[in-house]
Amino acid sequence: MVGMYQAVSPLNGPSWRPPPGLLCRGLQVFAVLQWVFSFLGLAQVCLVALLLAMLGPTWIFMVFYLVWLYQDRDTPRAGGRRSAWVCHAIWRHFRDCFPITLVKTAELDPSRNYLSGFHPHGVLVVGAFANFCTEATGFSSLFPGLRPHLLMLPCWFHMPLFRDYIMTSGLVSSDKASIAYLLSHSGGGQVAILALRGPLEALEAKPGALSLRIWIQKEFVKLALEHGASLVPVFSFGENDLFQQVPNPTGSWVRRVQEALQPLLSMALPLFHGRLGLLLPFRAPMHTVGEPGSPVFPPRNGWPQVRPAAGLCGCRYPRATMPSRLTQLLEDHKMRYGVPADQHLVLL
């Protein structure tokens, strides 16, 4: 009798096959590790590969590539270059490793454009990538007619080869021109997703933490008002539970160094680890939830003006609406997704 992990091969006799559960877990770990590598090291590898190619017999091809790169320099600010094949590739294994779920709480009109503030950033914005750069959680099925674009720091789109790879997943530059391009799309259907205050909020990403930096997002709200886009706050439950960070309380030398380097590098440098002290994240379920009820639509004549100190961009909207809707989102769903009843959102 053939054992549980064997199959009879007509050519080679009994052969071992891994149990389905073991194979699936292996694919999940591979999917996550290749993504972590892409996030942390692929840009540097691409740059070295380009330099080596320039020094070898393929230098002429690299010259053509650099000429094309110059001509293509505005693409990250003009909607990017998304690939349907890349968005469907191995990402269901990536999703199942945690797992990650996209929860729909409201219908979104595909004739409108949307600007979404994603919280919390977490260490590596895993939830934002899985939900809005892949089809693993079924974004297109849940919101037909809408096309998501995750915004990323502009500096990454100056890295040759790497910038072409990340654009295939729907990543675009987070500069003002890029957001304006998406929100001014006449036919609607564009969703720009930004992890607000990403670099600084990443330093707060610790298991169980609910500390968000939301009060100083002037340009974010201003762009939505200028283009008549709808604001949709999004909260990803479990995002901060994927990694442990080296203790960095406010005022410590670790935090001081991190905050000093952040403006110089345009990114945060959290010191983190996952399972077994490695960069493999913990298996913690994530549920990404949009704002309950309908999205926030700017009034036709704009928001009522008040003195500048009373709100961002000199309008009442941000302080009165955005934080309260995000807080309400957390309060409405926290018991369902494992947040203690006595834990509340902390706005920094």
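Sequence order as written defines the numbering, with residues in each chain counted from 1. Side-chain atom pairs in this predicted model are given and counted only at pLDDT of 80 or more, local residue features only at pLDDT of at least 70, and totals for whole chains, interfaces and linings cover all residues. The basis for every side-chain value is the complete set of heavy atoms in the structure, and neither hydrogens nor water enter the calculation.

Quick word on helix α3 (residues 59–71)
A turn of α-helix holds 3.6 residues, and therefore any two residues three or four places apart point the same way. Secondary structure elements are defined from DSSP: runs of H or I of at least 4 residues count as helices, runs of E of at least 2 residues count as strands, and each element is numbered from the N terminus. In a helix, the anticipated span is given by 1.5 Å times the number of residues less one. The terminal C-alpha atoms of α3, which comprises 13 residues, lie 19 Å apart, in line with the 18 Å expected from a rise of 1.5 Å per residue. The classification of residues rests on relative accessible area computed with a 1.4 Å probe and restricted to protein chains. Under 20% of the type maximum is buried, over 50% is exposed, and intermediate values are partly exposed. Every buried residue of α3 is accounted for by Met62, Tyr65 and Leu69. Down the axis of α3, the smallest arc covering the buried residues is 55°, so these residues share one side. Along α3, exposed side chains directed more than 90 degrees from the buried face belong to Phe64, Tyr70 and Gln71. On its buried face, α3 sits against α2 (42–55) and α8 (162–167). Directions from the helix axis toward the C-beta atoms define the arc. Contacts between residues were defined by any pair of non-hydrogen atoms, one from each residue, lying within 4.5 Å.

Observations regarding the packing of aromatic side chains
The description of an aromatic ring pair rests on the distance of the ring centres and on the angle between the ring planes. Classification of ring pairs uses Phe, Tyr and Trp, with its six-membered ring standing for Trp, and accepts pairs whose centres are within 6.5 Å; under 30 degrees between planes counts as stacked, over 60 as edge-to-face, and the remaining range as tilted. Considering all chains together, one arrives at 15 aromatic pairs under this definition. An aromatic cluster of at least three residues, connected via ring pairs, comprises Trp35, Phe39, Trp91, Phe94, Phe98 and Phe129. The aromatic ring of tyrosine 70 is capped on one face by arginine 73, whose charged end is 4.0 Å from the ring centroid. Here, over-ring charges are defined by two tests on the NZ atom of lysine or the CZ atom of arginine: distance to the ring centre within 6 Å, and angle to the ring normal within 35 degrees.

Description of α2
Along its 14 residues, α2 runs 20 Å from first to last C-alpha, staying within 8% of the 20 Å computed at 1.5 Å per residue. Residues of α2 that are buried include every one of Leu42, Ala43, Cys46, Leu50 and Ala53, and no others. Viewed along the axis of α2, the buried residues span an arc of 100°, placing them on a single side of the element. Those residues of α2 that are exposed and angled more than 90 degrees off the buried face are Leu52 and Leu55.

A closer look at the nonpolar core
Counting 50 residues, the largest nonpolar core has Trp35, Phe94, Phe98, Leu124, Val126 and Phe162 as its most contacted members. It is helix α6 (residues 126–132) that provides the largest number of residues to this core, a total of five residues. Beyond its immediate sequence surroundings of up to four residues, phenylalanine 162 is in contact with Ser38, Leu42, Ala43, Cys46 and Trp156. Only buried residues count toward a nonpolar core. Its members are Ala, Val, Leu, Ile, Met, Phe, Trp, Tyr and Cys residues joined through side-chain atoms within 4.5 Å. In this structure, Val221, Leu223, Ala229 and Leu231 belong to the second largest nonpolar core, which totals 16 residues.

With respect to the sheet that holds strand β3 (residues 100–103)
Here seven strands make up an open sheet; going across it, the order is β3-β12-β9-β4-β7-β5-β6 and the pairing mixed. Every other strand in the sheet has two partners, leaving β3 and β6 (171–173) as the edge strands with one partner each. Each strand of the sheet is rotated relative to its neighbour by a mean of 30°, with strand direction disregarded. Here, any two strands with at least 2 DSSP bridges between them count as paired. As paired elements, strand β5 (residues 147–152) and β6 share three bridges and run parallel to each other. Counted as the bridge partner of leucine 150 is leucine 171 from β6. Only C-alpha atoms enter the line fits that serve as axes; for helices the fit covers just the stretch in contact. Angles between N-to-C directions range over 0 to 180 degrees. Helix α9 (residues 176–183) rests against β4 (114–119), β5, β6 and β7 (190–195) of the sheet, and its axis sits at about 170° to β5. Most of the contacts of helix α14 (residues 322–333) go to strand β9 (residues 230–237), to which it runs at about 35°, and overall it touches β4, β9 and β12 (286–290).

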